[in-house]
Amino acid sequence: MSDLTRLSAAALAEQLRTREVTSVEATQAHLDRMAAVEPAVHAYLHVAADSALATAADVDARRAAGEDLHALAGVPIAVKDVVVTRGVPTTVGSKILEGWVPPYDATLVEKIKAAGLPILGKTNMDEFAMGSSTEHSAYGNTHNPWDLERIPGGSGGGSAAAVAAYEAPLAIGTDTGGSIRQPAAVTGTVGVKPTYGSVSRYGLVALASSLDQAGPCTRTVLDAALLHELIGGHDPRDATSLPDPATGYVDAARAGATGDLTGVRVGVVRELQGEGYQPGVLARFEESLELLRGAGAEIVEVSCPHFTYALAAYYLILPAEASSNLAKFDGMRFGLRVEPSEGPVTAERVMAATRGQGFGDEVKRRIILGTYALSAGYYDAYYGSAQKVRTLIQRDFAAAFEAADVLVSPTAPTTAFRLGEKLDDPLAMYLNDVATIPANLAGVPGMSLPSGLSDDGLPAGFQILAPAREDARLYRVGAALEALLETSWDGPLLGRAPELDGGAAR
Amino acid sequence: MSTGVDLVDYDDAIARFDPVIGIEVHVELGTRTKMFDGAEQTFGEEPNTHVTPVSLGLPGALPAVNGTAVEYAIRIGLALNCQIAASCRFARKNYFYPDVPKNFQTSQYDEPIAHDGWVDVELEDGTVFRVEVERAHMEEDAGKNTHVGGSTGRIHGAEYSLVDYNRAGVPLVEIVTRPITGAGARAPEVARAYVQTLRDMFRALGVSEARMERGNVRADVNVSLRPTPESALGTRTETKNVNSFRSVERSVRYEISRQAAVLDAGGTVVQETRHWHEDTGSTTSGRVKSDAEDYRYFPEPDLVPIVPDPAWVEEIRATLPELPAARRRRLLAEWGFADAEMRDVVNAGAVELIEATVAAGATPAAARKWWMGELARTAKQQEVELADLPITPAQIGALQQLVDAGRINDKLARQVLEGVLAGEGDPEQVVVARGLEVVSDDGPLLEAIDAALAAQPDVADKIRSGNLGPVGAIIGAVMKATRGQADAGRVRELVLERVQA
């Protein structure tokens, strides 16, 4: 029996289906791996060993009884701590929700449970998903398995690191401005931000409602397709949920893996390369383009002139919505409650004391920004203008998708930076999401997959964007590129990541 | 003046100032579930028993619009002669308060579902006054705070506060008038009649139980004064949450007198919200509006715009019930009441009751007699609405049929009514249980008559000699002996027969 933690989810699922291994064995293998590497990586905030093993045992019993089970039944999964889980603490990486145990499940968690995937635990994240490095977690940062001195990306660094460090074959992330794709890029994993509305937001602690989107964090494109089909689909509890069924992604991934992209027009976004991009990242990007060309794709250059303003618009819309979404964290009904150290205990003073103590600096910074951007007299200048830019970016996409079936770029301008390097410079930190943000503003789907190691020996990411509701294109092109790259590398990129537990067999 | 506030005599104030009013009416819609989630609506149940993650504003919860609430809002908009928006949306009104679980209220702001309408209001003397409606929009209600430990029930001085979220998220429609001008001295009456007209309309439309005492319908009343009708609008005050028709009228009257006094003293009216005090009949200053909160409205990103299908709107329009004003005109003709009688009936809230009583077999005149007479007096004594008396139109119909059949007389009927109101059952049951049936058997009557004649021989002699005047004394004695259960007409016949015999 090979090491169960090294298998892709699809491969593990096949071994479970043929009853070569049990879900209890697979779940235990991941719990053992966590015991070995968590002290160094700190990908998890909460490990749910007992309930994961109970789910695994239940699935094993049902399989033994001949029940017809979901394709991923028994495959363990990790869930970002922004997703509400009944009976399991959910903190959103914040002190303000310390100890809160939700009384209900997010829709996507209901689907995961119904399909019989053991939930290993809740993964670390930047507080309220605000950040690009997971250094803003109130519970300590996560380390990049490729170099423990470096950031794992953010805000979903915990999910990406868990998948990269073989602590989970699958993980759930959320992507508001790149929080699935950018961590995937810097950890050598696959991350997909589905079309806005493709996966229900019901039960996701909202950062910015019009931008948030949950999606898969995996080690292969096919695994992402399998997980996307599981968690996607219409949900009447989310008014912005699309009516589309979540189907066709796995078929597209399998079709793409044959390596034929004849007739596919791949648009290179002029504005998402060049200045500010690390040379090694650009070199891996160029090599990937050549592989796509070799597979029959037509490479065209497209221009999206308003992408220049995307970051500025994003950092008005996001804080504006966040300032309102985070208002409910006031010490009145759940989570932390701090009474003022002196003076009368009034509702206002309890709210102020709780928020003062419960929120971290980045959260406070964005609440203040957002409150300002929405305030009377400034609304039109800031929030209103940002919404206009958003419309222009949507038009840029529409025009670009006339010329190309998918758009591509490096996922992030650089590889993982060092922990602490940008912590005191929020604007430098924000720049890391420059290539991922336009997709959130327009609601289009995006994928990041590893394109190789940059000259510093760290993973670089390749981003693919498709028109809204055409997520299947991501899987087709992504699977093709993945197959071509792995052939040239002679195996998955993660195979070159350093061992963390002192020499366990690969 | 116990409140220590100077007031100008109302007539004096009206002689020198022109009042302008504006009214915001909130109505709670009677949908089965709340505005944005599946929690059932209730009234008077254990606190926090009808809540979901959505109405508690738990992290991760999302709103989904209640389609029935949208339909009800459109119904109200159409009944108010409004335009129904081709597309409208919700916004967030951000403010911190413990009864608002999300710390923002989801409400319609710049794009209401209905706008630009009007409603005709009939005053007590029959005058019709048109009130223009600026907009009707949808929003969600807040929870209910109870402040415990203070003397006033207000937050100041309270030791702690309890919050009940059963009401949080209940759908509301808010109807906002344009400034109502030209009412002059009748402004208080117009205000009351307008709120009453809306209340009747909500009930007719079937969109709300519209019970004022439960807070189903609440009015915020704006009042301002200006020197003449040609002058620019004056500074207004907004009296919040006025909870009865009478209070609406009184609060407008009070504010006119108070503002006139402020202006007379050379002061300026402060733009502020004010609280109405039913017990003292006065208002006191609430929050000063000049440093009003910045609500930071922005479009609710968790919801998509509502785009009512025009065919659906037309379908709703086609199925609107007959509205109270039209119905009143029809019933007036059918019932043959005098205008003044009809107005009294309307003002007493007895239209539906009389209609149902007529349907139960009574004549309109008889139905009116019961509801506007005995029952109106009882309701007034008990300080309840006529409709809330523990008696149904069907029971009144049955009672009247007993009278018409001669089984009871008017006097007995009042006793039967008393029994029904006391919860003794239907009229028939009360008659049997109390033994109230008219004695129609001549035997016992003759016995009583003979006894009465024997007891008053001089009266018997007078009658015998042709002086019929004292017959009443004999009848009275017989009625007394039969505890009122005798048919007085029959007794008279029998007395005359007996004396001549």
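What counts as what
- Residues numbered from 1 in each chain as written.
- Chains lettered and ligands numbered in written order.
- Predicted model: local features only at pLDDT ≥ 70, side-chain atom pairs only at ≥ 80, totals over all residues.
- Heavy atoms only, no water.
- Helix = DSSP H or I, 4+ residues; strand = E, 2+ residues; numbered from the N terminus.
- Rg over C-alpha atoms; globule rule 2.2 N^0.38 Å.
- Contact = heavy atoms within 4.5 Å.
- Areas by Shrake-Rupley, 256 points an atom, 1.4 Å probe, with all protein chains shown as cover.
- Lys, Arg positive; Asp, Glu negative; His and termini not counted.
- Charge placed at Lys NZ, Arg CZ, Asp CG, Glu CD.
- UniProt positions renumbered as here; feature names shortened; annotations may be inferred.
- pLDDT = per-residue confidence, 0-100.
- Buried < 20%, exposed > 50% of the residue type's maximum accessible area, 1.4 Å probe, protein only.
- Pairing = 2+ DSSP bridges.
- Polar contact = N/O pair within 3.5 Å; in protein donor to acceptor, adjacent residues only side chain to side chain.
- Domains from an automatic or database assignment.
- Salt bridge = Lys/Arg side-chain N within 4 Å of Asp/Glu carboxyl O.
- Buried area = accessible area lost by both parts, 1.4 Å probe.

## A word on the overall build of chain A
Helices and strands together make up the secondary structure of chain A, namely 16 helices and 11 strands. Taken over the C-alpha trace, chain A has a radius of gyration of 21 Å; the compact-globule value for 506 residues is 23 Å, and the two agree within 12%. When the backbone C-alpha atoms are referred to their principal axes, chain A occupies close to 65 × 55 × 45 Å. When contacts within chain A are restricted to residue pairs at least 6 apart in sequence, long-range pairs at least 24 apart make up 75% of them. Surface exposure of chain A reaches about 16,700 Å², of which carbon and sulfur atoms provide 53%. Charged side chains in chain A number 41 positive and 61 negative. The centres of these two groups are separated by 4 Å.

## Concerning the UniProt feature "domain: Amidase" (unreviewed entry) in chain A
UniProt records the feature "domain: Amidase" (unreviewed entry) for residues 25–474 of chain A in the present numbering. Note that residues 25–474 of chain A is 39% helix and 13% strand, and that its end C-alpha atoms are spaced 33 Å apart.

## Quick look at the confidence of the model for chain B
Residues shown with low pLDDT carry predicted positions that ought not to be read at fine detail. Scored by pLDDT, chain B comes out at a mean of 90, with 97% of its residues at no less than 70. At the level of chain-chain contacts, confidence expressed as ipTM amounts to 0.95, with global pTM at 0.87.

## Comments concerning the pairing of strand E10 (residues 446–453) of chain A
Residues and elements named next belong to chain A. Of all 8 residues in E10, 7 are buried; the element is thus mostly enclosed. Where strand E5 (residues 190–193) and E10 come together, 3 bridges link them in antiparallel fashion. By the bridge assignment, Gly 191 is partnered in E10 with Ser 448. With 7 bridges connecting them, E10 and strand E11 (residues 459–465) associate as antiparallel partners.

## Digging into the UniProt feature "active site" (unreviewed entry) in chain A
Residue and element names in this part refer to chain A. According to UniProt, the "active site" (unreviewed entry) feature falls on Lys 80, Ser 155 and Ser 179. Look at the named residues: they lie 100 residues apart in sequence, but the longest C-alpha span between them is just 10.9 Å, so in the fold they bunch up. A relative accessible area of 0% places Ser 155 in the buried class. Look past the residues within four positions of Ser 155 in its chain and what remains in contact with it is Lys 80, Asn 124, Met 125, Asp 126, Ala 129, Met 130, Gly 131, Thr 134 and Ser 179. Here Ser 179 shows up in the loop between strand E4 (170–174) and helix H6 (181–187). Beyond its immediate chain neighbours, meaning those up to four positions away, Ser 179 contacts Lys 80, Ala 129, Gly 131, Gly 154, Ser 155, Gly 156 and Thr 174. For Ser 179, the side chain forms a polar contact with the main-chain nitrogen of Ser 155, separated by 3.0 Å.

## A look at the domain arrangement of chain B
When cut into domains, chain B gives domain 1 (10–44 + 51–142 + 167–313), domain 2 (322–434) and domain 3 (442–500). Here the C-alpha centroids of domain 2 of chain B and domain 3 of chain B sit 34 Å apart.

## Some thoughts on the side chain of Thr 187 of chain A
Structurally, Thr 187 of chain A is set in helix H6. Not counting residues up to four positions away in its chain, the partners in contact with Thr 187 of chain A are Asn 144, Trp 146, Pro 152, Ala 160, Ala 161, Ala 164, Pro 459 and Leu 494 of chain A.

## Notes on the pattern of salt bridges
Using the criterion set out here, one finds 67 salt bridges over all chains in the structure. Glu 290 of chain A serves as the salt-bridge partner of Arg 293 of chain A, at 3.2 Å between the closest nitrogen and oxygen. Taken together, the positions of Arg 293 of chain A and Glu 290 of chain A, both in helix H9 (residues 279–294) and 3 residues apart, correspond to about one turn of that helix. On the accessibility criterion, Arg 293 of chain A (42% relative accessible area) is partly exposed. Residue Glu 290 of chain A is classed as partly exposed on the basis of its relative accessible area, which comes to 43%. Here Arg 274 of chain B makes a salt bridge to Glu 272 of chain B, at a shortest N to O gap of 2.5 Å. Of the two residues, Arg 274 of chain B and Glu 272 of chain B, both sit in the buried class. Three or more residues are tied together by salt bridges with common partners; here these are Glu 322, Arg 327, Arg 330, Glu 334, Glu 352 and Glu 355 of chain B.

## Points about the interface of chain B and chain A
Between chain B and chain A, the contact holds 31 residues from the first and 38 residues from the second. Here chain B and chain A share an interface that buries about 2,600 Å² over both sides, 62% of which is from carbon and sulfur atoms. The largest contributions to the chain B side of the interface with chain A come from Pro 59, Leu 62 and Arg 296 of chain B, which together make up 23% of the buried area. Counting across the interface, chain B meets chain A through 1 salt bridge. Across the salt bridge formed by Arg 201 of chain A and Asp 302 of chain B, the nearest N and O atoms sit 2.9 Å from each other.

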